[in-house]
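A closer look at the structure
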Amino acid sequence: MSEHFDVHGGARLVGEVEVVGAKNSVLKLMAAALLAEGTTTITNCPKILDVPLMADVLRSVGCEVELDGDTARITTPSALSHRADSPAMGKLRASVCVLGPLVGRLKRAVVALPGGDAIGSRPLDMHQNGLRALGATSTIEHGCVVAKAGELRGAQIWLDFPSVGATENILMAAVLAEGTTVIDNAAREPEISDVCTMLIEMGAKIEGAGTSTLTVHGVDSLHPTEHRVIGDRIVGATWAFAAAMTRGDLTVRGVNPHHLDLVLDKLRLAGAEVTPFDGNGFRVVQAERPKAVDFVTLPYPGFATDLQPFAVALSAVSEGTSMITENVYEARFRFIEEMQRLGADARTDGHHAVVRGVNTLSSAPVWASDIRAGAGLVLAGLCADGVTEVWDVFHIDRGYPHFVENLNRLGARIERVAGEPDRA
């Protein structure tokens, strides 16, 4: 049975909300547990659909996984399977991050091509080229990435683009390679630093976390650890945009505000009063209608592509005209078609969108194409007259624990409703 959200317009969000562990970190940390025999414990895990899906992927290669509240306990056996072809792989883009750990530990892997969000092409060329540089062969066969190596040796690796997934897979293979690996033009996202921190806790030797050059000195083996996931900066930013769009007053806890420096600066330009708290949150107060601001998506520390739907939604209700440029995933602008259903004055031209703000959006049925687009449509619905139906909300459930409950507690009126859509 399909579900949708009925989002009642006219809400002003006020209050305090807690951000839990980062989706874009926890799934990679779970995969890293494959590198060490024994039980690794990961805390501050978000209660989202992707966590049990990743647990199924790990079980498919022989791990025991216990999910208990916000804690995941992963027991990795001495004898792992090299085949990660669970049905869960087809539902989860991040499942490809088991490739590096399996090649690192077993020197071979067969990993089903992943599924996930429909936001554009995300090829695995850089993942494969990185493994080849370490001494492995890698091909695509029968819908799987196949990699084999007699031994892995450290190498100098240059990434054509600072891909988060490629950086993680190469990193997790290199920690058990012989010699030193240098990854240049590596991704710098806080989630990469979180993975590096956990690997170092497990006994890896890594230098340069948070910079564009990672140096990895291979070790013979790693050991289990206990690690707390960093707060989810994308969810934290979602609440920041929610405050600005609804002219609200939100205090957001559980996330490092320095991971959101550029986002919070953009909201200041839009007219918000932003107060960061030392290392653990921030407050956003928007008293008047937001002012139009331009956005350009770039790899971290630039403006995250995951936040582009919120930039569009904010611009749609701002005073003035915004230019939004998408440099990372070409299909992100699919979101604009749904915003147009809500009365947004938005046009696209290649990688650019021009959005002219309107006073009020108008309610309509809309469909989420991915996690962030779905959340963006909910926030837009809060700024529309009438009741907006947001469909395909399973996407939202993959990234936002207790989203409806949190919104209602902060002053929104949203119901989760079962039933099939009428697309007539």
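Only a predicted model underlies this, so the values are computations on that prediction, with no experimental measurement involved.

1. Looking at the domain arrangement of the chain
Considered domain by domain, the chain is made up of domain 1 (2-17 + 232-419) and domain 2 (25-228). If you average the C-alpha positions of domain 1 and of domain 2, the two centres end up 31 Å apart. Interface area for domain 1 against domain 2, summed over the two sides, is near 1700 Å², with a carbon-plus-sulfur share of 57%. Among the ionic pairs, Arg398 bridges to Asp50, the shortest N-O distance being 2.8 Å. If you look at where domain 1 meets domain 2, you find 4 residue pairs in polar contact (both at pLDDT 80 or more). A per-class count over the side of domain 1 that touches domain 2 returns 10 nonpolar, 5 polar and 7 charged.

2. A word on the side chain of Thr305
With respect to the element layout, Thr305 can be found in the loop between β18 (295-296) and α9 (308-316). If we skip the residues at most four places from it in the chain, Thr305 touches Thr297, Glu326, Val328, Tyr329 and Arg332.

3. Focus on the layout of surface pockets
One number sums up the size of the second largest pocket: a volume of about 190 Å³. Lining the second largest pocket are 14 residues, with Glu18, Val20, Pro401, His402 and Asn406 sitting closest to its centre. Of the residues that constitute the lining of the second largest pocket, the class distribution is 8 nonpolar, 3 polar and 3 charged. For the lining of the second largest pocket, the domains that each give at least three residues are domain 1 (2-17 + 232-419) and domain 2 (25-228).

4. A few points about the UniProt feature "binding site: UDP-N-acetyl-alpha-D-glucosamine" (unreviewed entry) in the chain
When the UniProt feature table is mapped onto this chain numbering, "binding site: UDP-N-acetyl-alpha-D-glucosamine" (unreviewed entry) sits at Arg93, Asp306 and Val328. Secondary-structure assignment places Arg93 in the loop between β6 (83-84) and α3 (99-106). Setting aside chain neighbours within four positions, we find Asp306 in contact with Asn24, Ile234, Arg332 and Arg372.

5. Structural notes on the packing of helix α7 (residues 233-245) against helix α8 (residues 261-269)
Relative to each other, α7 and α8 sit at 5 degrees, their axes nearing to 11 Å. Here α7 is positioned roughly parallel relative to α8, judged by the angle of their axes. Listed contacts from α8 to Ala237, Ala240, Phe241 and Ala244 of α7 are Val263, Leu264 and Leu267. For the contact of α7 with α8, the residue count by class is 7 nonpolar, no polar and no charged.

6. Brief notes about the pairing of strand β11 (residues 180-184)
Where burial is concerned, most of β11 is hidden: 4 out of the 5 residues are buried. The pairing of strand β10 (residues 156-158) with β11 spans 3 bridges and is parallel. Each residue of the ladder has a partner; that of Gln156, found in β11, is Val182. For the handedness criterion, the β-α-β arrangement of β10, helix α5 (residues 164-174) and β11 is classed as right-handed. Pairing geometry for β11 and strand β13 (residues 213-217), over 5 bridges, is antiparallel. Each bridged residue has a counterpart across the sheet, and for Ile183 the counterpart in β13 is Leu214.

7. Concerning the environment of Gln340
Tracing the chain through its elements places Gln340 in helix α10 (residues 334-341). Sequence separation between Gln340 and Ala364 is 24 residues; the distance between their C-alpha atoms is 9.8 Å. The contact partners of Gln340, leaving out residues within four places of it in the chain, are Ala346 and Arg347.

8. Brief notes about the pairing of strand β15 (residues 249-253)
Within β15, 4 of the 5 residues are buried, leaving the element largely enclosed by the surrounding structure. Here β15 pairs with strand β17 (residues 281-285) via 5 bridges, running antiparallel. Looking at the pairing, Thr251 lines up with Arg283 of β17.

9. So, the sheet that holds strand β1 (residues 3-8)
Within the open sheet, the 4 strands sit side by side as β23-β25-β1-β26. Their pairing is mixed. Looking at the sheet topology across the chains shown, the edges are occupied by β23 (365-367) and β26 (414-418). If you compare each strand with its neighbour and ignore which way they point, the axes differ by 25 degrees on average. In the sheet, β1 pairs with β26 via 5 bridges, with the strands oriented antiparallel. If you follow His4 over to β26, its bridge partner there is Val417. Running over the sheet, helix α11 (residues 371-382) touches β1, β23, β25 (387-391) and β26 and is turned about 30 degrees from β1.

Thresholds applied
Residues numbered from 1 in each chain as written. Predicted model: local features only at pLDDT ≥ 70, side-chain atom pairs only at ≥ 80, totals over all residues. Heavy atoms only, no water. Domains from an automatic or database assignment. Buried area = accessible area lost by both parts, 1.4 Å probe. Salt bridge = Lys/Arg side-chain N within 4 Å of Asp/Glu carboxyl O. Polar contact = N/O pair within 3.5 Å; in protein donor to acceptor, adjacent residues only side chain to side chain. Nonpolar A, V, L, I, M, F, W, Y, C, P; charged D, E, K, R; others polar. Helix = DSSP H or I, 4+ residues; strand = E, 2+ residues; numbered from the N terminus. Contact = heavy atoms within 4.5 Å. 1 Å grid on protein atoms, 1.4 Å probe; cavity = no way out; pocket = protein on both sides within 12 Å on 5 of 7 lines; lining within 4 Å. Points joined across faces, edges and corners; volume = space filled by probe spheres on them. UniProt positions renumbered as here; feature names shortened; annotations may be inferred. Axes fitted to C-alpha atoms, helices over the stretch in contact; angles between N-to-C directions. Parallel < 35°, antiparallel > 145°, perpendicular 65-115°, else oblique. Buried < 20%, exposed > 50% of the residue type's maximum accessible area, 1.4 Å probe, protein only. Pairing = 2+ DSSP bridges. Right-handed = clockwise from strand over helix to strand, strands pointing away.

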